[in-house]
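Residue-level structural notes
As a plain string of letters, each chain reads:
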Amino acid sequence: MTKDDCKQVVLDIIADIAPDEDLSNVKPDVRLRDQLQLDSMDFLDIVMELRKRHGIEVPEADYQRLASLDSCAEYLTPKFTALGK
Amino acid sequence: MSLSTARIVITGVGLTAPNGDSLAEFRHHLLTGVAGISRMEIRYMGPQLAGVCHYDPLRHQKKKEVRVGTRAGSISIYCAREALADSGLNWEAVAKDRTGIYIGCTEHGNVETENEIYNISKFNYDTKFWSHYHNPRTVANNPAGETSLNLGVTGPCYTIGAACAAGNMGLVHAAQMLRLGEVDLAICGGVSESIHTFGIFAGFKSQNALATHADPAKASRPFDLARNGIVISEGGCLYTLERLDDARRRGAKIYAEIAGWHVNSDASDYVLPNPTRQAECIRAALARSRLAPRDIHLVNTHATATPLGDIQECEAIRAVFGEGCPDTSINNTKSFIGHCMGAAGALELAGNLPSFDDLVVHPTINVDRLDPQCALPGLVLNQPRQVAKVDTILNNSFGMLGINSTLIVRRFVP
């Protein structure tokens, strides 16, 4: 899975958990919470959906790694690779 | 006038019922014989008779609110917003910290808990897949809390658990809080999301109290000799209640005045009604209202179409109203919409409020053969009845564990 694929995985999850948001112009280097209406429960949703859909675990200590699309890709791509995806 | 004796009036109505999403549509269908029962797929049980509401959740909620919240919360928000719009209140100017939300519920949390158990069953019952939304979804105050979030109400917002007496209880509690001076505006009534939990259906089925019928529209048949149980429905009805002085100051439209109420308990059985206590409840409500039985022009019954329960309520009504009340009509709204559980009392009152204006009593439908034990004088069967006078409505709502509520409203006369 490429980093762009990984960003799309996260965007697909956000589309489901924040269905009122316009995701057409999300800036990859800007914190998601600074450009979208996302609260702490929504971030737990992202963690839950990564677990449910992709079998990926994100420990609480690493939540900050999900701050932006770029940081998500940095953090998650090796995890997908490790799972053979 | 002191607050403790302040006159309390209904100034707005918002509702969703299986046969209507506004008072006008609901009333029209009650007068034209349109029921709202259909078949719905219930988890583990297959198609079951149910009353399903068809309001548009996105009329007053964002998609995310609908996704995160509960059906009961969504119904509450819809009803509250519609009631406020109907009331003519300038919502922007209303003191949110002086507003209370009091919502009656039969139960809350079954739907959400069942959904989570079903969810983790897909993950070998590993609880790490249990939703972090479970607790805010299942706390008992959820429907009122979600409504407070949507409306920005910062006064007291909570639910009142009173089984199927809860709809009346929302109004009763609101009237009490207005008279105590706790709030200046109350948004109150009852809601139910119970059709989304298989447990309610399975429980009534195990109790042999779940209705069956080939024709869904004829399934809910209180007082009919062939009645065979309850049709479970969802729904909601919330009112705006105000002290009369406040309502008049702003020139509000007034639907009715709260005349009186009573709430008591059977203390006799988990599920079986107690007609003696029901009669005591009705009499006490009349006494508080300073009305005699003959002064009541419309009695809306609680009857749910269980073989025994209907007879017992008729026994209670007969004990109070006897044969000497020629101006008293009696009807039942569940014959159209099934049993809306926590919403029942509030919805059934709403369906009858327009009688103050049109002097028509909506009927109890689906009575092909009247059970002789339910043959009350004044029972309005199958067709609406034009009457000479409707100045008072008495609304019964009773619930499991023996909680009884009677609410009386009167035509507003300045």
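Residues numbered from 1 in each chain as written. Chains lettered and ligands numbered in written order. Predicted model: local features only at pLDDT ≥ 70, side-chain atom pairs only at ≥ 80, totals over all residues.

Within chain B, the secondary structure is distributed over 14 helices and 15 strands. Within chain B, the fraction of its 414 residues that count as buried is 56%. When contacts within chain B are restricted to residue pairs at least 6 apart in sequence, long-range pairs at least 24 apart make up 80% of them. (Helix = DSSP H or I, 4+ residues; strand = E, 2+ residues; numbered from the N terminus. Buried ≥ 20, exposed ≤ 12 C-beta atoms within 10 Å, placed from the backbone. Contact = placed C-beta atoms within 7 Å.)

So, on to the overall build of chain A. Scanning chain A from N- to C-terminus turns up 4 helices and 0 strands. Counting from the amino terminus, helix and strand elements in chain A follow one another as α-α-α-α. By the compact-globule yardstick of 12 Å for 85 residues, chain A fits well, its C-alpha radius of gyration being 12 Å. When the backbone C-alpha atoms are referred to their principal axes, chain A occupies close to 35 × 25 × 20 Å. Relative to its 85 residues, chain A shows a buried fraction of 22%. The long-range share in chain A, meaning contacts at least 24 apart out of those at least 6 apart in sequence, stands at 55%. (Rg over C-alpha atoms; globule rule 2.2 N^0.38 Å.)

Before going further, it helps to examine the pairing of strand E6 (residues 185-192) of chain B. Residues and elements named next belong to chain B. For E6, a buried count of 8 out of 8 residues is recorded, marking the element as mostly surrounded by other parts of the structure. Neither face of E6 is left uncovered, since the one carrying Leu185, Ile187, Gly189 and Val191 and the one carrying Ala186, Cys188, Gly190 and Ser192 both have all their residues buried. Sheet topology note: the strand E4 (residues 99-105)/E6 ladder contains 7 bridges and is parallel. The partner of Ile103 across the bridge, within E6, is Gly189. Pairing of E6 with strand E8 (residues 235-243) involves 8 bridges; the strand directions are antiparallel. Bridge pairing links Leu185 to Glu242 in E8. (Pairing = 2+ DSSP bridges.)

Contact residues are listed per partner, giving 7 residues for chain A and 7 residues for chain B. Here the residues of the side of chain A that touches chain B sort into 4 nonpolar, no polar and 3 charged. (Nonpolar A, V, L, I, M, F, W, Y, C, P; charged D, E, K, R; others polar.)

Right, let's talk about the sheet that holds strand E1 (residues 8-16) of chain B for a bit. Residue and element names in this part refer to chain B. Taken in spatial order, the 10 strands line up as E5-E4-E6-E8-E1-E9-E15-E14-E10-E11 in an open sheet, and their pairing is mixed. Each edge of the sheet is formed by a strand with only one pairing partner; in this case those strands are strand E5 (157-161) and strand E11 (329-331). Pairs of neighbouring strands in the sheet enclose a mean axial angle of 25°, with direction left out of account. Across the sheet, helix H10 (residues 275-289) lies against strand E9 (256-265), strand E14 (392-399) and strand E15 (403-410), angled at about 145° from E9, the strand it touches most. (Axes fitted to C-alpha atoms, helices over the stretch in contact; angles between N-to-C directions.)

Residue and element names in this part refer to chain B. Segmentation of chain B into domains returns domain 1 (8-249) and domain 2 (260-410). One C-alpha centre belongs to domain 1, the other to domain 2; they are set 21 Å apart. For the side of domain 1 that touches domain 2, the elements supplying multiple residues, two or more each, are E1, helix H1 (23-31), E4, helix H7 (166-180), E6, strand E7 (232-233) and E8. In the side of domain 1 that touches domain 2, the residues fall into 30 nonpolar, 19 polar and 6 charged. (Domains from an automatic or database assignment.)

Here the focus is the sheet that holds strand E3 (residues 46-51) of chain B. Residues and elements named next belong to chain B. Strand order across the open sheet formed by 3 strands is E2-E3-E7, with mixed pairing between neighbours. The sheet is open, and its two borders are formed by strand E2 (37-42) and E7, each paired with just one other strand. Two elements, E2 and E3, share 6 bridges in a ladder whose sense is antiparallel. What sits directly across from Met40, in E3, is Gln48.

All names here are of chain A. The geometry of helix H1 (residues 3-17) relative to helix H3 (residues 40-54) is characterised by a closest axis approach of 10 Å and an angle of 120° between their N-to-C directions. Regarding the angle of H1 to H3, the classification is oblique. For the pair H1 and H3, the crossing hand works out as right-handed. Residue-level inspection shows Val9, Val10, Ile13 and Ile17 of H1 in contact with H3, the latter providing Asp42, Asp45, Ile46, Glu49 and His54. Taken together, the residues of the contact of H1 with H3 break down into 5 nonpolar, 1 polar and 3 charged. (Parallel < 35°, antiparallel > 145°, perpendicular 65-115°, else oblique. Left-handed = near helix turned anticlockwise from the far one by under 90°.)

All right, on to the confidence of the model for chain B then. On average, residues of chain B carry a pLDDT of 97, and 100% of them reach 70 or more. In the predicted complex, the global pTM is 0.97; the interface-specific ipTM is 0.95. (pLDDT = per-residue confidence, 0-100.)

Counting 117 residues, the largest nonpolar core has Leu171, Ala186, Leu241, Leu347 and Ala350 of chain B as its most contacted members. Split by domain, this core shows at least three residues from each of two domains, domain 1 (8-249) and domain 2 (260-410) of chain B. (Core = buried A, V, L, I, M, F, W, Y, C linked by C-beta atoms within 7 Å.)

So, about the pairing of E14 of chain B. Residue and element names in this part refer to chain B. Of all 8 residues in E14, 8 are buried; the element is thus mostly enclosed. Here E14 shows no split at all, with Thr392, Leu394, Asn396 and Phe398 on one side and Ile393, Asn395, Ser397 and Gly399 on the other all buried. Where strand E10 (residues 298-300) meets E14, 3 bridges bridge the pair, whose relative direction is parallel. The residue bridging Val299 from the neighbouring strand is Leu394, located in E14. As paired strands, E14 and E15 are joined by 8 bridges and run antiparallel to one another. Looking at the pairing, Thr392 lines up with Arg410 of E15. Counting the residues between successive antiparallel strands, the hairpin from E14 to E15 contains 3 residues, one of them, Leu401, with a positive phi of roughly 65°.

Right, let's get into the environment of Arg53 of chain A. Residue and element names in this part refer to chain A. In this fold, Arg53 is placed in helix H3. C-beta crowding within 10 Å serves as the criterion here: with 12 such atoms nearby, Arg53 is assigned to the exposed category. Each C-alpha atom, one on Arg53 and one on Ala67, is 20 Å from the other, the two residues being 14 residues apart in sequence.

On to the environment of Arg294 of chain B, then. Residues and elements named next belong to chain B. Within the secondary structure, Arg294 is located in the loop between H10 and E10. In the structure, Arg294 is positioned 29 residues away from Glu323 in sequence and 9.7 Å away in space, judged by C-alpha atoms. Other than its neighbours up to four places away in sequence, Arg294 contacts Gly324, Cys325 and Asp327.

Below, the discussion takes up H10 of chain B. Residues and elements named next belong to chain B. Here H10 is 15 residues long and its end C-alpha atoms lie 21 Å apart, about the 21 Å a rise of 1.5 Å per residue gives. Those residues of H10 that fall on the buried side of the exposure criterion are Gln278, Ala279, Cys281, Ile282, Ala285, Leu286 and Ser289. Buried residues along H10 cover an arc of 155° about the axis, so they all sit on one side. The inward-facing, buried residues of H10 abut E9, helix H11 (307-321), E14 and E15. Just downstream of H10, Arg290 is the residue with a positive phi angle, here 55°. (Expected span 1.5 Å × (residues − 1). Arc of directions from axis to C-beta.)

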